[in-house]
Amino acid sequence: MRRPGWNRPGAALAGAALAVALVAAPGSPMAAAGQVAGPVLRLEAAQHSITLDSSSGKVYLDPSIWVAVLKSPLQFDVQRASYTRPFTITQIIHVPGGGVVRRPLPSKVVQWNGGLRNFLTLTARNPAGKVAVSQTIPFCPDTYDPERVSPSGPAATPFPQQCDTNPFMKGMVWGIQAGWATDPAESNFLGHQVKLALGTYHVTATIRPVYQRMFGISARDARASVTVKVVKAGSAARSLGAVHRPRLPAHHAAGPRPTEAGARTVAQPPESALPDMVALPAWHIATSYAAKTRTDYLTFGATVWVAGNGPLDVEGFRSKGSPVMKAYQYFWQGKHLVGRVRAGTMGFDSQQGHNHWHFEQFARYTLLNSTRSVAVTSHKAGFCILPSDEIDLLLDSAVWQPSLTGPAGVCGSPTSLWVAEEMPVGWGDTYYQVAGQSFDITHVPNGTYFIEVTANPLRLLHETTTRNDVSVRKVILGGTAGHRTVKVPAWHGIDPEH
């Protein structure tokens, strides 16, 4: 993924932090003086030594050192008022006896696709004490596998399971439950391998001084070390705690949800239960070439997300062995089911990488020419609807932890009689269009075009509004056959790709 650059991050952070009042650790002189006591943060190594696999001389440098949070939750609300405004970040301090204190932090600490910018430095030294590699990484408090740090900690955590990489994210909650911990390096593995020769190293993790001051972290708690043995991938020589990277989020099957038997058909569902489907501009745009078929493609990602008052709940039912399911849209007010309507069809996609049921009227992708006439239409016609990207979790009806995450078990099998595909408020579903679904531009002349993303193209789904169902993203095609290029101007200053 593309990560936006930022000049002189250390100086900017240090300067900005001077204007922020410190949060006192419980029991500290600051707390005794009457300042608000925030959470206590400390680095904690899971074990004294680990083994990491090396591939082509590179490793994912994750020493399994955790950021543990004690006393009260660590929470941040991150948002932007509009796509033309920068992110703001506020620490939400949970005080004893209930209630919260909102503490604005410098906006430059936000790395939208990584969490807190330049939070932690990992330094690997060889047996002679010479620095072999050093990297500074962001810290995403949200992770798919947070862990409890003590038996007295809460049994569950309410916070989301990922820091999103969608460039059009609007509002996010980052957090770690009190008595829980996350591993900063674990969520930083994508694209962050480092060169490290085979051998043994002393790896130290250090929270940068600006964050030590910002969160009142003691020097002792801001540092932890581990002995790391780097071995060739596939080597049998492993320590008990050998770490395998990268790891991808586990899939979560649908859990039980409240329902009411005999949902009635409604002529006009109440607006208080309607979702609002929003088409975001295309992103992650590039060209590719299939030499076997001599075909040039324009590839891209497209996100449709749900705002409004209720989730998008589309359910398919099969009868008499039909290859097509009748689809219905269900409407919820909180945990109360208020009705349903017919809403299109579902078909089974047996292609490799799919093998599940697709709702066939979710979205449409079109490449328009400079006069906004259709140049190419994507062959993508069906969608396994699921929450893949957090877009705005600060909405009143947003769900921080959706019960359906990932395609496993969500969109059915060839023998399914019933499939329920749901996307809660605040979440989006992103599809990356690859060969077969992307735009065939082999015979498309160079010039200016627009990628049009349309949600609910046949207007079969009920929404609060359809005014934001269509988005367009300008692209400029160039190059020659087999070597096509694309330039993508920034959209309101966001996501300049080439």
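Residues numbered from 1 in each chain as written. Predicted model: local features only at pLDDT ≥ 70, side-chain atom pairs only at ≥ 80, totals over all residues. Heavy atoms only, no water.

Engineer: Summarise the packing of aromatic side chains; cite the residues concerned and give the values.
Structural biologist: Enumeration according to the criterion identifies 16 aromatic pairs in this entry. When the centroid spacing of 5.9 Å and the interplanar angle of 75° are considered together, the rings of phenylalanine 317 and tyrosine 328 count as edge-to-face. You can see phenylalanine 317 sitting in strand β20 (residues 312–317) and its partner tyrosine 328 sitting in strand β21 (residues 324–333), a full 11 residues away along the chain. Seen in terms of ring centroids, phenylalanine 348 and tryptophan 357 are 5.4 Å apart; in terms of plane orientation they differ by 70°. Their pairing is edge-to-face. Owing to a relative accessible area of 26%, phenylalanine 348 belongs among the partly exposed residues under this scheme. Above the plane of the ring of tyrosine 83 lies lysine 170, whose end atom (NZ or CZ) is 5.8 Å from the centre. (Phe/Tyr/Trp six-rings, centres within 6.5 Å; stacked < 30°, edge-to-face > 60°. Helix = DSSP H or I, 4+ residues; strand = E, 2+ residues; numbered from the N terminus. Buried < 20%, exposed > 50% of the residue type's maximum accessible area, 1.4 Å probe, protein only. Lys NZ or Arg CZ within 6 Å of the ring centre and 35° of its normal.)

Engineer: Kindly report on a nonpolar patch on the surface, identifying the contributing residues and their values.
Structural biologist: A cluster of nonpolar residues, Phe317, Leu417 and Trp418, forms a patch on the protein surface that exposes about 330 Å² of accessible area. A relative accessible area of 32% places phenylalanine 317 in the partly exposed class. (Patch = residues over 30% accessible without salt bridge, like charges linked within 9 Å, V, L, I, M, F, W, Y side chains within 5 Å. Areas by Shrake-Rupley, 256 points an atom, 1.4 Å probe, with all protein chains shown as cover. Salt bridge = Lys/Arg side-chain N within 4 Å of Asp/Glu carboxyl O.)

Engineer: Tell me about the nonpolar core, and please be specific about residues and values.
Structural biologist: By size, the foremost hydrophobic cluster in this structure holds 98 residues, and its most contacted members are Leu116, Phe215, Leu298, Phe362 and Ile451. When near neighbours in sequence (up to four residues on either side) are disregarded, isoleucine 451 contacts Ala282, Ile285, Leu298, Phe300, Thr366, Leu367, Phe439, Ser471, Val472, Arg473 and Val475. Counting residues in hydrophobic clusters, the runner-up holds nine residues, among them Tyr83, Val278, Leu280 and Ile391. (Core = buried A, V, L, I, M, F, W, Y, C linked by side-chain atoms within 4.5 Å. Contact = heavy atoms within 4.5 Å.)

Engineer: Could you give an account of the pairing of β20, naming the residues involved and the relevant values?
Structural biologist: For β20, a buried count of five out of six residues is recorded, marking the element as mostly surrounded by other parts of the structure. Examined bridge by bridge, β20 and β21 share five bridges and lie antiparallel to one another. Residue phenylalanine 317 lies in a different strand from β21, and its bridge partner there is lysine 326. (Pairing = 2+ DSSP bridges.)

Engineer: Describe unusual backbone geometry, and please don't skip the residues or the numbers.
Structural biologist: Backbone geometry follows two general trends: most residues other than glycine have a negative phi, and most peptide bonds adopt the trans configuration. Phi at serine 56 is positive, roughly 55°, even though this residue is not glycine. Inspection of the secondary structure assignment puts serine 56 in the loop between β2 (49–54) and β3 (58–60). Positive phi is not limited to glycine here, since arginine 294 has a value of about 55°. As for its position among the elements, arginine 294 is in the loop between β18 (283–290) and β19 (295–308).

Engineer: Quick rundown of the sheet that holds strand β13 (residues 180–182)? Include the residues and the values.
Structural biologist: Overall, antiparallel pairing links the four strands, which are arranged β1-β4-β13-β11 in an open sheet. Unpaired on one side and paired on the other, β1 (40–45) and β11 (147–148) mark the two borders of the sheet. Note: β11 against β13, two bridges, orientation antiparallel. Its bridge partner lying in β13, glutamate 147 is registered against alanine 181.

Engineer: Go over the state of the cysteines with me, naming the residues and quoting the values.
Structural biologist: Within the structure shown, the criterion is met by two disulfides. Each bonded cysteine of the chain gets a number by its place in the sequence, and the pairs then read 1-2, 3-4. (Disulfide = S-S within 2.5 Å.)

Engineer: For the pattern of salt bridges, give the residues involved together with the corresponding values.
Structural biologist: Under the definition given, this model contains four salt bridges. With a shortest N-O distance of 3.4 Å, arginine 459 and aspartate 469 are connected by a salt bridge. Taken together, the residues arginine 459 in the loop between β30 (447–455) and β31 (470–480) and aspartate 469 in the loop between β30 and β31 connect sequence positions 10 residues apart. Look at arginine 459 and you get partly exposed, because its relative accessible area is 42%. One salt bridge connects aspartate 495 with arginine 473, and the closest N-O pair in it is separated by 3.2 Å. Residue aspartate 495 is found in the segment after β32 (483–487), and its partner arginine 473 is found in strand β31; the two are separated by 22 residues along the sequence. Exposure class is identical for aspartate 495 and arginine 473. Each is buried.

Engineer: Describe the sheet that holds β30, listing the residues and the values that go with them.
Structural biologist: Sheet architecture is open: five strands sit in the order β25-β24-β30-β31-β32, paired in antiparallel fashion. Unpaired on one side and paired on the other, β25 (374–377) and β32 mark the two borders of the sheet. Recorded for the sheet is a direction-independent mean angle of 30° between the axes of neighbouring strands. Here β30 runs beside β31; their pairing, made up of eight bridges, is antiparallel. Bridge pairing in β31 places glutamate 452 opposite valine 472. (Axes fitted to C-alpha atoms, helices over the stretch in contact; angles between N-to-C directions.)

Engineer: Which residues make up the environment of arginine 459, and what values go with them?
Structural biologist: Along the backbone, arginine 459 and glycine 344 are 115 residues apart, and their C-alpha atoms lie at a distance of 9.9 Å. Sequence-distant contacts of arginine 459, defined by excluding residues within four places in its chain, comprise Thr466 and Asp469. Within the structure, the side chain of arginine 459 is placed 3.4 Å from the side chain of aspartate 469, a separation counted as a polar contact. (Polar contact = N/O pair within 3.5 Å; in protein donor to acceptor, adjacent residues only side chain to side chain.)

Engineer: So what about the side chain of aspartate 389? Which residues, and what values?
Structural biologist: Positionally, aspartate 389 belongs in strand β26 (residues 389–390). Judged by its relative accessible area of 6%, aspartate 389 is buried. Of note is the side chain of aspartate 389, whose polar atom sits 3.2 Å from the side chain of asparagine 166. Here threonine 430 takes part through its side chain, which lies 3.2 Å from a polar atom of the side chain of aspartate 389. In this structure, aspartate 389 is in contact with Gln162, Asp164, Asn166, Trp283, Gly426, Trp427, Gly428 and Thr430, ignoring residues within four places of it in sequence.

Engineer: I'd like a rundown of the pairing of strand β12 (residues 171–176), residues and numbers included.
Structural biologist: Consecutive residues of a regular strand have side chains that alternate between opposite faces of the sheet. Burial within β12 is extensive, with six of its six residues counted as buried. Pairing geometry for strand β5 (residues 74–79) and β12, over six bridges, is antiparallel. Bridging across to β12, leucine 74 finds its partner in isoleucine 176.

Engineer: Explain the confidence of the model for the chain residue by residue, including any values.
Structural biologist: Here the chain averages 83 in pLDDT, and 83% of its residues register 70 or above. Note that pLDDT drops below 50 for residues 26–34; the model gives that stretch 11 contacts with residues more than four away or on any other chain. A low-confidence stretch, residues 236–261 (pLDDT under 50), is modelled with 58 contacts involving residues beyond four sequence positions or located in other chains. (pLDDT = per-residue confidence, 0-100.)

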